[in-house]
Amino acid sequence: MAPENPICQAVNLSDGQPCTEVATTWEDLFCRFHGKQCHGLYIGYKKRNAKLDALSDSAPPYLRAAKVPLANETFEEVSDERVLREIHAHLCHEYVLLGKVIDARKLHHKHFYPLQMDYGHQAYLDTLSNRRHIDLRALEKLEKRTAQVLYEKEKWYVWVRGVQQEEEANREKESKKVKLEAAMFKRHWKKMQVRLRAQREKEEKQRQDAFLEAAYQERVSASLDSEDDDEVWDPIEDVVEDERSRYVDLIKHFLWMEVLADDDEKDDSLPKAAETSNLSAGVDKLSVSEEKQPKKSKKKPKSKAAKASSASSGTKPQKNSASAQDRYTGQNRIMAMLDDDPEQTSDGLLEPNKSNIETELEMRKRLKEGVEKNYDDIEGPILVGTIESPHGTHLKTAPLADEEVDSLMRDIKEIKLLLFRRLLLSHASLLPAALRSSSVEEFLKDPEITESDLRDVCLKVEQPSLQDIRDACADLIRGDEPEDEDEGDVLEEESFEDIILQERRYGHLQDPDWFLTNMLAQRQKLIDSQDGLSKVKMMFTKKPRRQGKMKVRICGKNIWNYSSEKSMSRDGWLQFSVLAKDCDLKHAVQLCRNWDEFSQLNFLTVWQYFPASNWVSWGSDRLTQQMHELGFFPYFKDFEAQKHSRHLQVGARSQRRRQHSIVEARNIIVGHMKRNDSVTRRFLHYLTLRTSEVLVVVRDGKTGKIITAPEEDHLWTMRSKEGLGRASKNEWEILLEVGPEYFTMVDILRKWRLGFEDYYDIWIWDFVPSNEPILLYNVVVTELRKALRITKPLDVYNHREPFLRGLTRDRETMRVRSIQPGEQVESLWDDVTNPSNTFFTADVLNKKVLESNGEAHVDASPYLFYNEADAAEDLVLFADELITPDRNVPFKEVSNPITRLETTPTTMINVMAEGARKISKRDKDLSHLPDADDDDDWSTDESGSEGDSDEKRIVSHWSLPQIWEDSIAIINHSHISNDKKQLLRRIGLLSESSDKIRGGINSLNGVESKLKEVDRIMVMERDRGAAFIEGFHAGDLEPGAQEKYAETCKILNGILGSHQTSGSTDWVWFLVDMLDWLELRTDYNTYSREPRAGWPHPFIAQDIIKAFVSMALFFPNVEVCKPVVDFFKSEEGAKYKDTVILKPEERAKTLPDCRMRTSFRYRPKEFWSEWEGVLKEAKKNHKFYADIYPMKWSVAIRPIIMKLYLAGVIAPAYFQNDPYVVPGFAVAGTEAHRPDKLDLFMDFADRKKAIQYPQNIPGFVGPSDWPVFLPIARAFAEKHGNDHKARFAILRVWSAPHFYPAMIGGWNRQATSFLDSSARAWVWKFIPKDMPISEWSMYNTLKLRLELLEKQLQVGERVVHRGETILVMGTDELDLLKYVTAVTFALQTKPWHREIDLWKSFVNVGFEFLEGLDPYWLD
């Protein structure tokens, strides 16, 4: 049997397949063709090696004289362009030559000796690859230096250099680039078929030429081939050119510049599977021009134990852990994450898959035919057949018209080129070629561009980031015109007091950086009052300082040095959605520049404007979509509170021991709303009023500041208790609560995030645990509707009218598109307002669906939408909107003196703030804090008025009045007798060291030192008294009352603050005698914490001086009152000399225009008859009382409730809004003396027995048993009525129409809680006049206080009271002055929140005047 012919062992260069020809040359190793090719490659390789050796000897002088290795060379010392060009030419030549040598060695080994292992060959290749890599990096550094020398005078150079540095910092390793390159070719192997076919045809032609050449050579008997002929067979030049062309072709394919035809698709002779297999194999075997950089590892090999540990903690267990967490949802998943303590970050969302680069034909087909919608992430019910989502568009996107597709294709081609130009900026080695090229085509033909650079660009172009695509779409619209500068938000300044108050109140919830940032801002504000805050804020801003606007011409087009910061138009987003077809809207919203752009993008998505399959899942479930339409965008929801909760309890009567296991959970929803928006502000305020239903935390997305939060006890969202015994005796264990850790966990779990900070982060959760989720949703949506002031279903679309007027829907394809200028078609607004439309409204509480034509349904509750009562309430809550209805204002928590006091006493805040100011002024050693604008001097002008006024405010709260200080200065400068010194010593006014009358605190240092000595409770009560008085008068709703009180304060403060350089000081000795008579001292160092005690305390002098001045107003004929009378003769007091407060006869003629003080217990049943009818109707028709509450009542009482809330008199209650919990109802009614004026009254019938009111109260005295003034006054007048000298005073303790100035303890507020017409629960902080037996409460308070001076005041004889009214009797004016001053002092001193109402008091009057008074004044 004849031996078989040997087969050629070479591998074809074209397709990587083994040769099947007979081996005839090179000792039967190769066929004739491959023999010639192998020999030619060998000869060429030898020549290139010789050139490479010669090139090293002819290096430029700079390189030969360099003292540092080329790898470390930066060329900073070279500034001559000619030398740089010479070095560049040498390195470029060497780089190209090294590439050919490496490729030739690899080709020679891979295609002709593939089965042989030559380690020496690989080591030599590694050396050459390392050398080539060094040349490449040196070329990059050389290009940068050349650009710096040539272009450093150009404005754009700094910007471009920054882009390049950023690219270098994020540069991927060479090994990763090789893998990415291989993956890229695999993804696009179909596009390489033409080039592969061309290679095969060329190789086949060479094979035929080799056969003919062999025959010819045999004829002429040529013994050997010439050397020149061998060079023709060297394939390396073709291989190098082919590699370069592959990158160029792919770039052109990505940019749609040249469509590579796929001829194999037209060839039906080969099976498709075989074709795919062959082509895939061909691409897999394509050679790569760049080997990965060899790098010797310096790490020691791991030990076996380390390897075992690594194996045991690999990716598989992590996947199992992740899958275990994935089984949980909502808050249960957060609990699992907390237990596992995951080390996860939330730097950003993953990029979508962009591997499938479409051709123009494929994109056209997709747009014309539509694609199936992706509903994978839908979580709730989908509503089909609505005007937003009509039938026929549910499963597939609507097709686009040919004209729209053609326009999109033109725009996308240009966008791809703009994207390519912007990417070139980050490549230093490509920048010179890009600058000198007039087009992209010319750039790709530039012979100086290496294949490695083309590879890097190719990888970038194939997979651009979404941000790059967005910027390119914006660049197309922007053109060559620069954008206008945005002024940005005006930064809100925080005072020292606000910062300290915020830290003490919400420091446990917010980032500590907020406190540091704002304290530094205050420090800078002291240095530079105009620019301080902005400078410090700039230090902490995330955005870099913007450079000047400039552009550079790349490949014939101008590129701006900044990404567009403007909102991209709907056309731009349409182009983006088509170009980034696999992108999800969750990724797209991250690219929005501001809230308006984000909101518009969502709106267009809801109306199916974008032909993108993945965008449909964004808010497509009806519940989420409705919240989106109203401006609230949730990113975390857990509506499974009922699923998480359990209540297991075993009673004592069973055979087992009593035990319990209880878990309570609350539904929660977290989302974003627009920052500094009037709608957002209204919505958040509405929610904060509903603490009986929902709780809310608001965090500023820009500053991180917590704006509002519920009380710390209510932050939990999941809690449990389990154990033996009674559950009521066990404490709750908080499993999960809203706070920093919760914020972090939710941020990890969220599926989308915004790329800007112009939003509020809003956390809303149920107050009632284990509640139905639809109730939380219903509260949120209802308040959103009212915040938008939607009065009927059709109004839902009003705020989107401008957008709807610019869109139309094709009746055949159902495609929504923009209306072109001049086009006459029906807009979506016409569709929405079509009279034939039907609107469905779900009434969740009554469980029925109401149908209407867009107007409010007749059977619907009048409170379902925005109504008259809401409008009346908004006039109070948002009074500033009367001037500018839709102005951009930040949301701020309702703040008043009472709410501020609940956090920290005012004195403490002011002292801490003033101390911080002083530190900022004098402390210069704050090196641990960041500098602001290199400002070394921390000093400031000491004469600043702001600091001085703050200090005066603090000191005046503790100091003695100026009139007293001046008077005792006069006394101290004169002789004081020994008797008077003894008198002064008895009351503690004499300074033993100087025998002078002691003065008061007159500096901040004095206040600070005093605070170290006094009782903190005293400081709190002193501050509380001042805050209460301010809040009381803000809640005084009697017409004109606040103006009258303001006038009174101006008169009294004017008298107390007046200077007295001369004149009588008898009034001082009058008060000294009074203090001695009352057995009081002014130098008490102790403080009584007993609530009923009026003293001791350090403010005796201040209080009695104020009491004297208040009463001296009405004694103009008494000598000791002369300083007070003289005030009205001064320039400041002259304008008050005719005040009505000094005319009791005139005041007595007009009765107060307010409701009576009668409490619920003493009102006749007829008063409540209409309200009882409302409750009976609700019960009969199975309706909720708030749905049928009379609208006129609601319009009347809700503004009153809101005014009391703003004043701090009432507050939203942390009680469930249920009559079983809340005993009272707010009711409107009229009284006999005001028959036409509805007012607020409280029904405390407590029909569900929510509170157990005490039946028998010790010491109770009803109004019928109170003393009657006139008979007592008559008897006194008859006894002391000689020459009509007996004088009287009717003193009335100040009270508002709806409450008394008496605080209700926090533990007792549920007893006076009430529900209003909107079913919101409220608590009174002060005793409401409707509270049962409230009259006795005030009567008893005055009785206990007057009894403190019972002996001196002769209570019952000279001083008598009923309710809050006191009758004081004196034998003459001076005697009466003494008694009324003492009574006023006793009532107005500790706890400092009671006052005598001078407008409703009648002082220094005769008995005849009392007889002529209306009975109202004497009751």
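Preceding block: the structure.
On a predicted model such as this, the values are computed, not experimentally measured, just so you know. (Residues numbered from 1 in each chain as written. Predicted model: local features only at pLDDT ≥ 70, side-chain atom pairs only at ≥ 80, totals over all residues. Heavy atoms only, no water.)

**A few points about the overall build of the protein**
1) Next: Within the protein one finds 53 helices and 28 strands.
2) Next: Burial analysis of the protein (1419 residues in total) assigns 53% to the buried set.
3) Next: Counting contacts in the protein only where the partners sit at least 6 residues apart, residues at least 24 apart contribute 77% of the total.
4) Next: Roughly 68200 Å² of accessible area belongs to the protein as shown, and the carbon and sulfur atoms make up 50% of that amount. (Helix = DSSP H or I, 4+ residues; strand = E, 2+ residues; numbered from the N terminus. Buried < 20%, exposed > 50% of the residue type's maximum accessible area, 1.4 Å probe, protein only. Contact = heavy atoms within 4.5 Å. Areas by Shrake-Rupley, 256 points an atom, 1.4 Å probe, with all protein chains shown as cover.)

**Comments concerning the environment of Gly1229**
1) Next: In this structure, Gly1229 sits in strand 19 (residues 1224-1231).
2) Next: Spatially, the C-alpha atoms of Gly1229 and Phe1241 are 6.8 Å apart, while their sequence positions differ by 12 residues.
3) Next: With residues near it in sequence (within four places) discarded, Gly1229 still touches Phe1167, Lys1237, Leu1238, Asp1239 and Phe1241.

**Remarks on the nonpolar core**
1) Next: If you look at the biggest cluster of nonpolar residues, it comprises 280 residues, and the most contacted ones within it are Phe576, Trp763 and Ile764.
2) Next: At 11 residues, the largest contribution of residues to this core is made by helix 15 (residues 402-424).
3) Next: With 20 residues, the next largest nonpolar core counts Cys19, Cys31, Leu55 and Leu98 among its residues. (Core = buried A, V, L, I, M, F, W, Y, C linked by side-chain atoms within 4.5 Å.)

**With respect to the packing of helix 43 (residues 1100-1112) against helix 51 (residues 1373-1388)**
1) Next: Two elements in contact, helix 43 and helix 51, have axes separated by 8 Å at closest approach and are oriented at 130°. The orientation of helix 43 relative to helix 51 falls into the category oblique. Where helix 43 crosses over helix 51, the two elements pack in a sense that is right-handed. Counting all contacts with helix 43, which are made through Ile1100, Asp1103, Ile1104, Ala1107, Phe1108, Met1111 and Ala1112, the residues of helix 51 involved are Leu1377, Val1380, Thr1381, Thr1384, Phe1385 and Gln1388.
2) Next: Considered class by class, the residues forming the contact of helix 43 with helix 51 number 9 nonpolar, 3 polar and 1 charged. (Axes fitted to C-alpha atoms, helices over the stretch in contact; angles between N-to-C directions. Parallel < 35°, antiparallel > 145°, perpendicular 65-115°, else oblique. Left-handed = near helix turned anticlockwise from the far one by under 90°. Nonpolar A, V, L, I, M, F, W, Y, C, P; charged D, E, K, R; others polar.)

**What to know about a negative patch on the surface**
1) Next: Together, Glu711, Glu712, Asp713 and Glu737 line one region of the surface with negative charge.
2) Next: Relative to the helices and strands, Asp713 resides in the loop between strand 8 (706-708) and strand 9 (716-724). (Patch = residues over 30% accessible without salt bridge, like charges linked within 9 Å, V, L, I, M, F, W, Y side chains within 5 Å. Salt bridge = Lys/Arg side-chain N within 4 Å of Asp/Glu carboxyl O. Lys, Arg positive; Asp, Glu negative; His and termini not counted. Charge placed at Lys NZ, Arg CZ, Asp CG, Glu CD.)

**Brief notes about unusual backbone geometry**
1) Next: Along the chain, Trp1095 connects to Pro1096 via a cis peptide bond; the corresponding omega equals 5°.
2) Next: Cis geometry marks the peptide bond from Lys1390 to Pro1391, where omega comes out at 10°.
3) Next: If you trace the backbone, Pro1391 turns up in the loop between helix 51 and strand 28 (1402-1405).
4) Next: One non-glycine residue, Asn676, lies in the positive phi region at around 55°.
5) Next: Positionally, Asn676 belongs in the loop between strand 6 (668-674) and helix 28 (678-688).

**Some remarks on the pattern of salt bridges**
In a structure, side chains of opposite charge can pair up when their charged atoms sit close to one another.
1) Next: For the structure shown, the criterion picks out 61 salt bridges.
2) Next: Residues Lys786 and Asp870 are paired through a salt bridge, measuring 3.6 Å at the closest nitrogen-oxygen approach. Separated by 84 residues along the polypeptide, Lys786 in helix 30 (residues 773-787) and Asp870 in helix 33 (residues 868-877) bring together distant segments of the chain. The same class applies to Lys786 as to Asp870, namely buried.
3) Next: A salt bridge links Arg1247 to Asp1243, with the nearest nitrogen and oxygen atoms 2.6 Å apart.
4) Next: Connected via shared salt-bridge partners are Arg681, Arg682, Arg789, Asp874, Asp880 and Glu881.

**Quick word on the sheet that holds strand 10 (residues 733-737)**
One key point about sheets: their strands pair by backbone hydrogen bonds, in either a parallel or an antiparallel sense.
1) Next: Ordered in space as 4-5-9-10, the 4 strands form an open sheet in which the pairing is antiparallel. Edge positions in the sheet fall to strand 4 (646-650) and strand 10, since each has one partner strand and no second. For this sheet, the mean inter-axis angle between neighbouring strands, taken without regard to orientation, is 10°.
2) Next: Direction of pairing for strand 5 (residues 659-665) relative to strand 9: antiparallel, over a ladder of 7 bridges. Across the sheet, residue His660 finds its bridge partner in strand 9, namely Gly723. (Pairing = 2+ DSSP bridges.)

**Focus on helix 18 (residues 451-462)**
1) Next: Between its first and last C-alpha atoms helix 18 spans 16 Å; for 12 residues at 1.5 Å apiece the expected length is 16 Å, and the two agree.
2) Next: Of all 12 residues in helix 18, 11 are buried; the element is thus mostly enclosed.
3) Next: Among the residues of helix 18, Glu451, Ser452, Asp453, Leu454, Arg455, Asp456, Val457, Cys458, Leu459, Val461 and Glu462 are the ones counted as buried. (Expected span 1.5 Å × (residues − 1).)

**Overview of the side chain of Arg1394**
1) Next: Here Arg1394 is to be found in the loop between helix 51 and strand 28.
2) Next: An unpaired buried charge is present at Arg1394: no salt bridge exists, and Glu1021, the closest side chain of opposite charge, is 9.4 Å distant.

**Let's talk about the packing of aromatic side chains**
1) Next: Here the structure, examined in full by the defined rule, presents 54 aromatic pairs.
2) Next: Consider the rings of Trp595 and Phe756, whose centres lie 6.4 Å apart with planes at 90°: the pair is edge-to-face. Here Trp595 is found in helix 25 (residues 595-606), whereas its partner Phe756 is found in the loop between helix 29 (740-749) and strand 11 (759-766), with 161 residues between them in sequence.
3) Next: For Trp595, a relative accessible area of 4% puts it in the buried group.
4) Next: Residue class for Phe756 comes out buried when judged on its relative accessible area of 8%.
5) Next: Between the aromatic rings of Tyr609 and Phe610, the centroid separation amounts to 5.2 Å while the plane-to-plane angle is 80°, which identifies the pairing as edge-to-face. For the residue pair Tyr609 and Phe610, the accessibility class agrees, reading buried in each case.
6) Next: Lying across the ring of Trp1069, Lys980 places its NZ or CZ 4.4 Å from the centre. (Phe/Tyr/Trp six-rings, centres within 6.5 Å; stacked < 30°, edge-to-face > 60°. Lys NZ or Arg CZ within 6 Å of the ring centre and 35° of its normal.)

**Remarks on the sheet that holds strand 21 (residues 1287-1292)**
1) Next: Ordered in space as 26-27-21-28, the 4 strands form an open sheet in which the pairing is antiparallel. Among the strands making up the open sheet, the edge pair consists of strand 26 (1359-1362) and strand 28. For this sheet, the mean inter-axis angle between neighbouring strands, taken without regard to orientation, is 15°.
2) Next: Summarising the sheet, strand 21 and strand 27 (residues 1365-1370) pair through 6 bridges and their orientation is antiparallel. Residue pairing across strands places Ala1289 opposite Val1368, the latter belonging to strand 27.

**Some details on the environment of Glu1335**
1) Next: Mapped onto the secondary structure, Glu1335 falls in helix 49 (residues 1334-1346).
2) Next: Look at Glu1335 and you get buried, because its relative accessible area is 5%.
3) Next: Distance in space between the C-alpha atoms of Glu1335 and Arg1157 is 7.7 Å, their sequence separation being 178 residues.
4) Next: Excluding anything up to four places from it in sequence, Glu1335 contacts Arg1157, Thr1158, Ser1159, Tyr1162, Pro1263, Trp1266 and Tyr1300.

**Focus on the side chain of Asp795**
1) Next: One can find Asp795 in the loop between helix 30 and helix 31 (801-805).
2) Next: A polar side-chain atom of Asp795 sits 2.6 Å from a polar atom in the side chain of Thr791. (Polar contact = N/O pair within 3.5 Å; in protein donor to acceptor, adjacent residues only side chain to side chain.)

The analysis is restricted to geometry; functional conclusions fall outside its scope.
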